[in-house]
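Breakdown of the fold
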Amino acid sequence: MVAQVKAWGNGQGVRFSKELLETLGIHLNDYLQVKVVNEDIVLSKTFKHKTLEERTAECGGKLGPYEESDWGEPVGREVW
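Everything in this summary refers to the structure shown in the same document. (Residues numbered from 1 in each chain as written. Predicted model: local features only at pLDDT ≥ 70, side-chain atom pairs only at ≥ 80, totals over all residues. Heavy atoms only, no water.)

**A short note on the pattern of salt bridges**
Two side chains of opposite charge can pair, provided their charged atoms sit close to one another. In total, this model carries one salt bridge according to the counting rule given. Residue glutamate 58 pairs with lysine 50 through a salt bridge whose shortest N-O separation is 2.4 Å. Residue glutamate 58 is classed as exposed on the basis of its relative accessible area of 55%. (Salt bridge = Lys/Arg side-chain N within 4 Å of Asp/Glu carboxyl O. Buried < 20%, exposed > 50% of the residue type's maximum accessible area, 1.4 Å probe, protein only.)

As structure tokens, this is what we get:
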């Protein structure tokens with residue numbers, strides 16, 4: 001595959017085909033690690049932690065069937 005460097009605002013950018021990105025599992029707004037290895041540019045996917053909203057959406061919008069627990073009256077100097 002050949003890609004051309006083009007003007008992108010005040011910088012330059014390279015565009016990849018939708019098919020290539022789908023094959024690699026890269027989606028819009030994903031982060032890529034950029035490295036220079038022996039004068040070559042190497043792009044690789046990075047791990048990105050999911051936000052609480054993203055994790056909640058995967059669970060159908062619920063964080064869990066949590067109930068309030070009663071731990072009893074304070075015994076020592078703890079403050080409730």
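There's more to say after this.
**Focus: the pairing of strand S2 (residues 11-14)**
When strand S1 (residues 5-8) meets S2, the two strands line up antiparallel, connected through four bridges. Looking at the pairing, valine 5 lines up with valine 14 of S2. A loop of two residues connects S1 with S2, the two strands running antiparallel in sequence, and glycine 9 in this loop sits at a positive phi of about 65°. (Pairing = 2+ DSSP bridges. Helix = DSSP H or I, 4+ residues; strand = E, 2+ residues; numbered from the N terminus.)

**Side note on the environment of leucine 20**
The topology assignment puts leucine 20 in helix H1 (residues 18-24). It is 23 Å that separates the C-alpha atoms of leucine 20 and glutamate 39, two residues lying 19 residues apart in sequence.

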